[in-house]
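Architecture and fold: a report
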Amino acid sequence: MGSTNEENGSKGGVWVLDQQLDQPMDEEAKRLRNMYQEKKFSTAILLQLAFQSLGVVYGDLGTSPLANDNGQGGTFALYSLLCRHAKLKAIPSQDRTDEELTTFGSSTFGERSFAAKTKRWLEGHAFLKSTLLILVLIGSCMVIGDGILTPAISVLSAVGGINVRHSQISNEIVVLFAVVILVLLFTMQHHGTDKVGWLFAPIVLLWFLLIGGIGMFNIWKFDSSILKAFSPLYVYRFFKKGGKDGWTSLGGIMLSITGTEALFADLSHFPVPSIQIAFTCVVFPSLLLAYSGQAAYLMKHSDNVYGAFYHSIPDSIYWPVFVVATAAAVVASQATITATFALVKQALALGCFPRVKVVHTSRKYRHQIYIPEVNWIVMVLCIAVTAGFKNQNQIGNASGTAVCIVMLVTTLLMILVMILVWHCHWILVMVFTGLSFIIEGTYFSAVLLKVNQGGWVPLVISAAFFIIMYGWHYGTVKRYEIEVHSKVSMAWILGLGPSLGLVRVPGVGLVYTELASGVPRIFSHFITNLPAIHSVVVFVCVKYLPVCTVPEEERFLVKRIGPKNFHMFRCVARYGYKDLHRKDDNFEKKLFESLFMFLRLESLMEASSDSDVSSLLDQQTRQSGDGSNNSDPYSVVDLSVASEDSIVPADSPLGSNNAVISTHQAASRVEIDEIEFLNNCKDAGVVHILGNTVVRARKNSKFWKKIAIDYLYAFLRKICRGNSFQYLELYIWFLLQKLKSRTGSW
């Protein structure tokens, strides 16, 4: 205790006062940790989602046989997982209270273990953490680039089948037809993956059955010995005979696995079991038969390498297959478009992407989203690539480069996951690392030879997105640091008195801030420049955490700031990267429910035992689980009855506890008075107050920092800020009206 007192004394009395009046929310976080369990899916639902995943997830992987030559993204999902097990500071406002979430899932290990040493190594070097973030952004930008290239090559490959049987049709007509299909595809995105999945899934299922059936037919008709190719011995013979040519051909083989990167990014749209069922039962067998059938055909018709798929189709079913192939190519584009939406949503939650509108398109599945701005940008770039190259071979080279880089980044992240999350032995990690880099490094070296043949396209696209994403993240971190260092002292707030030096008008002011603790500096500007302030002030911090989702029961943390007569509170609203956040009536309703619940708990904790608090929490959990909804959820009568019921033990006679009950009743009266006061303020009006912190680089800052902050970040904030000033103008008008009604004049 002596050392603690000395430490507090060295920091000064103001620091001690701030800590006493605005304490962390550790207790609130622990109290909210409940028996939440992840939603389980029935067998029927899993089969239904597996069917839908064919249309959304596997379209790109399924149309790879059309290529003639040469997709939560997954990277951000892995990075989020690492952020929960090591302090990588992806989210500046993250603190220890967030680790109390049931979905956080952090782990502990021995101090001398390989995982602990790796964790300390990462956390102790800012350069390593920045490098890791840069790698994640590069991989994510490559997925976005693939989302632009895949629709182009898929549609061009399918539509190009016309030239196989009708060579008189010009390439310009084919490109025009492809552009029209792409425009129609992107205009359909606002319907969402739920409707799109049901529309596309039958097409993809039919496609897989067709290519599998055609493959079986070609194997039987041309050369059944092609099945020997599954033996690893032929891999050795291929490279031994082919030499350098065999090695460079690996760059073209990358197209056969395009779609796998989108597959892992699309995991946020469907549960893992549904994707596994679809892959095991339909996708993988059909692809093996399709590629084996094409190889068997080429054994007898080596001159038809270009357009081998269409040449191998029996004449009697050529045109029906062409129609299905074109439709399936559209579906292939859907996989990477969906992956791009999922990746941007995750990047947005981690503070690595400018604020954009996220539309949740399904009431059943909250993780199915649509982002209008991203959709139109990707459409324009996709059309530009299609019309600019007019050659699927060059686009294929570009797509192969993007896929290979994504796989390398994912492997690097997986190595850290094996160490920090799975706690694998270092020998197993080394084996995985060696085998992965031997295989992927070989492919990557072959892909590099095709950079000048179209492979530069994803590099340019990814560079543009990387500048935007890293610039936004850098500016966001600096803005948060400025707000932390310029917090208002609680001593200054207390010196103003309960009225805060202003007229306290009826109403509730929700002051939005980036800070999860402390009073933001913008609040001091309100006090010094406005004539009045609301009777109740709630500082609202909305922050995203590196978790998939935050249970509704643990969404809000509420804490009182200062003495009771100041009527100031803090509310931290926590979201995962799959959660939907809207500043609407539902958000406001849930916030007030949490605020009223806090007042009840606070009253009980002052006058009751821990068992009473647990009883109230159990009651609240049962009510939220039952989905009961009273017409007036803030009724004073309902709250008082619940309070009195919860403080009387079931096995205690009322007559023998008069003194205790009297104390509890007094606490209940105080609770009722404050809740009634809060109710009246709520009925008077609720105003959402948004401030604007302007960030500027110092005059002596480096040139690139000035460009990043003063130009790039400022421009992105300007176009993404929305209607913040409209809220502020509405707030000032509201206060003036309230002041006029109370004083009778301006």
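Residues numbered from 1 in each chain as written. Predicted model: local features only at pLDDT ≥ 70, side-chain atom pairs only at ≥ 80, totals over all residues. Heavy atoms only, no water.

**Description of the confidence of the model for the protein chain**
For the protein chain, mean pLDDT is 74; residues scoring 70 or higher make up 70% of the total. When the elements of the protein chain are averaged for pLDDT, helix 27 (residues 636–646) gives the smallest value, 32, and strand 6 (residues 568–575) the largest, 90. Counting interchain partners and residues more than four positions distant, the pLDDT-below-50 stretch residues 722–746 has 41 contacts. (pLDDT = per-residue confidence, 0-100. Helix = DSSP H or I, 4+ residues; strand = E, 2+ residues; numbered from the N terminus. Contact = heavy atoms within 4.5 Å.)

**A short note on the packing of aromatic side chains**
Centre distance and the angle of the planes are the two values used to describe a pair of aromatic rings. Scanning all chains against the criterion turns up 17 aromatic pairs. Aromatic pair Tyr 474 and Trp 704: ring centres 5.6 Å apart, planes at 45°, arrangement tilted. In this pair, Tyr 474 is assigned in helix 22 (residues 456–485) and Trp 704 in helix 29 (residues 703–720), connecting sequence segments 230 residues apart. Exposure remark for Trp 704: the relative accessible area of 43% places this residue in the partly exposed category. Ring geometry for Phe 556 and Phe 587: centres 5.7 Å apart, planes at 50°, overall tilted. Taken as a pair, Phe 556 in strand 5 (residues 556–561) and Phe 587 in helix 25 (residues 585–607) lie far apart in primary sequence, 31 residues in all. Look at Phe 587 and you get buried, because its relative accessible area is 3%. Lying across the ring of Phe 592, Lys 682 places its NZ or CZ 5.9 Å from the centre. (Phe/Tyr/Trp six-rings, centres within 6.5 Å; stacked < 30°, edge-to-face > 60°. Buried < 20%, exposed > 50% of the residue type's maximum accessible area, 1.4 Å probe, protein only. Lys NZ or Arg CZ within 6 Å of the ring centre and 35° of its normal.)

**Here's the deal with the pairing of strand 6**
For strand 6, the tally of buried residues reaches eight of eight residues, placing the bulk of the element in the interior. Burial of the side chains of strand 6 extends over both faces: Met 568, Arg 570, Val 572 and Arg 574 are buried on one face and Phe 569, Cys 571, Ala 573 and Tyr 575 on the other. Sheet topology note: the strand 4 (residues 532–544)/strand 6 ladder contains eight bridges and is parallel. Bridged to Phe 539 within strand 6 is Arg 570. For strand 5 and strand 6, the ladder comprises six bridges, and the chain directions are antiparallel. Counted as the bridge partner of Val 558 is Cys 571 from strand 6. In this antiparallel pair of consecutive strands, strand 5 and strand 6, the connection spans six residues, and Gly 562 shows a positive phi of 75°. (Pairing = 2+ DSSP bridges.)

**With respect to the packing of helix 10 (residues 171–187) against helix 19 (residues 372–389)**
Two elements in contact, helix 10 and helix 19, have axes separated by 10 Å at closest approach and are oriented at 170°. With respect to helix 19, the element helix 10 is oriented roughly antiparallel. Judged by residue contacts, Val 175, Ala 178, Val 179, Leu 182, Val 183, Phe 186 and Thr 187 of helix 10 engage Asn 375, Trp 376, Val 378, Met 379, Cys 382, Ile 383, Thr 386 and Ala 387 from helix 19. Taken together, the residues that form the contact of helix 10 with helix 19 break down as twelve nonpolar, three polar and no charged. (Axes fitted to C-alpha atoms, helices over the stretch in contact; angles between N-to-C directions. Parallel < 35°, antiparallel > 145°, perpendicular 65-115°, else oblique. Nonpolar A, V, L, I, M, F, W, Y, C, P; charged D, E, K, R; others polar.)

**Regarding the sheet that holds strand 7 (residues 686–690)**
Taken in spatial order, the five strands line up as 5-6-4-3-7 in an open sheet, and their pairing is mixed. At either margin of the open sheet sits one strand with a lone partner, and together these are strand 5 and strand 7. On average, each strand axis in the sheet is inclined to that of its neighbour by 25°, with strand direction left out of account. Helix-sheet contacts for helix 24 (residues 521–529) involve strand 3 (503–512), strand 4, strand 6 and strand 7, and the interaxial angle to strand 4 is about 160°.

**Let's talk about the pattern of salt bridges**
In the structure shown here, the tally under the stated rule is eight salt bridges. Between Glu 552 and Lys 590 there is a salt bridge, with its nearest N and O atoms 3.2 Å apart. Separated by 38 residues along the polypeptide, Glu 552 in the loop between strand 4 and strand 5 and Lys 590 in helix 25 bring together distant segments of the chain. Since its relative accessible area comes to 41%, Glu 552 is described here as partly exposed. Among the salt bridges present, the one from Lys 589 reaches Glu 593, with a minimum N-O distance of 2.6 Å. Taken together, the residues span about one helical turn, with Lys 589 and Glu 593 both in helix 25 at a distance of four residues. On the accessibility criterion, Lys 589 (27% relative accessible area) is partly exposed. (Salt bridge = Lys/Arg side-chain N within 4 Å of Asp/Glu carboxyl O.)

**So, the packing of helix 22 against helix 29**
Each packed pair of helices is defined by two parameters, the angle between the axes and the distance between the axes. Look at helix 22 against helix 29: their axes get within 9 Å of each other, and the N-to-C directions meet at 95°. When the interaxial angle is binned, helix 22 and helix 29 end up roughly perpendicular. In contact with Ile 467, Ile 468, Gly 471, Trp 472, Tyr 474, Gly 475, Thr 476, Lys 478 and Arg 479 of helix 22, helix 29 contributes Trp 704, Lys 705, Ala 708, Ile 709, Leu 712, Tyr 713, Leu 716 and Arg 717. The class makeup of the residues in the contact of helix 22 with helix 29 is ten nonpolar, three polar and four charged.

**A closer look at the environment of Ala 335**
Counting through the fold element by element, Ala 335 comes out in helix 18 (residues 318–349). A relative accessible area of 0% means that Ala 335 is categorised as buried.

**A closer look at the nonpolar core**
Counting 98 residues, the largest nonpolar core has Phe 76 and Tyr 79 as the members making the most contacts within it. A total of 17 residues in this core trace back to one element, the largest contributor, which is helix 8 (residues 126–159). Ignoring any residue separated from it by four or fewer positions in sequence, one finds Phe 76 in contact with Val 136, Leu 137, Ser 140, Leu 343, Gln 346, Ala 347, Leu 350, Cys 352 and Met 469. Residues Val 536, Val 538, Val 558 and Leu 678 belong to the second largest nonpolar core, which totals 23 residues. (Core = buried A, V, L, I, M, F, W, Y, C linked by side-chain atoms within 4.5 Å.)

**Quick notes on unusual backbone geometry**
The backbone of His 423 sits at a positive phi, close to 60°, despite the residue not being glycine. The residue His 423 is located in the loop between helix 20 (392–420) and helix 21 (426–448) in this model. With a relative accessible area of 35%, His 423 lands in the partly exposed category. If you check the backbone angles, Leu 500 has positive phi at about 60° while not being a glycine. Note on placement: Leu 500 falls in the loop between helix 23 (490–495) and strand 3. Its relative accessible area of 0% is what places Leu 500 among the buried residues.

**Here's the deal with the state of the cysteines**
By definition, a disulfide links two cysteine residues through a covalent bond between their sulfur atoms. Here the structure, examined in full by the defined rule, presents zero disulfides. Cysteine Cys 352 shares no disulfide, and the gap to the nearest cysteine sulfur, in Cys 83, comes to 8.8 Å. (Disulfide = S-S within 2.5 Å.)

**Examining helix 7 (residues 114–123)**
Residues of helix 7 that are buried include every one of Ala 115, Ala 116, Thr 118 and Leu 122, and no others. Projected down its long axis, helix 7 shows its buried positions confined to an angular sector of 165°, all on one face. (Arc of directions from axis to C-beta.)

**A look at a nonpolar patch on the surface**
On the surface, Phe 114, Trp 426, Ile 427, Met 430, Val 431 and Leu 435 cluster together into a nonpolar patch covering about 610 Å² of accessible area. The element best represented in the nonpolar patch is helix 21, accounting for five residues. Here Trp 426 shows up in helix 21. (Patch = residues over 30% accessible without salt bridge, like charges linked within 9 Å, V, L, I, M, F, W, Y side chains within 5 Å. Areas by Shrake-Rupley, 256 points an atom, 1.4 Å probe, with all protein chains shown as cover.)

**Notes on helix 8**
Think of an α-helix as turning once every 3.6 residues; residues three or four places apart then point the same way. With 34 residues, helix 8 extends 50 Å between its outermost C-alpha atoms, agreeing within 8% with the 50 Å of an ideal straight helix rising 1.5 Å per residue. In terms of burial, helix 8 is a largely internal element, 27 of the 34 residues being buried. (Expected span 1.5 Å × (residues − 1).)

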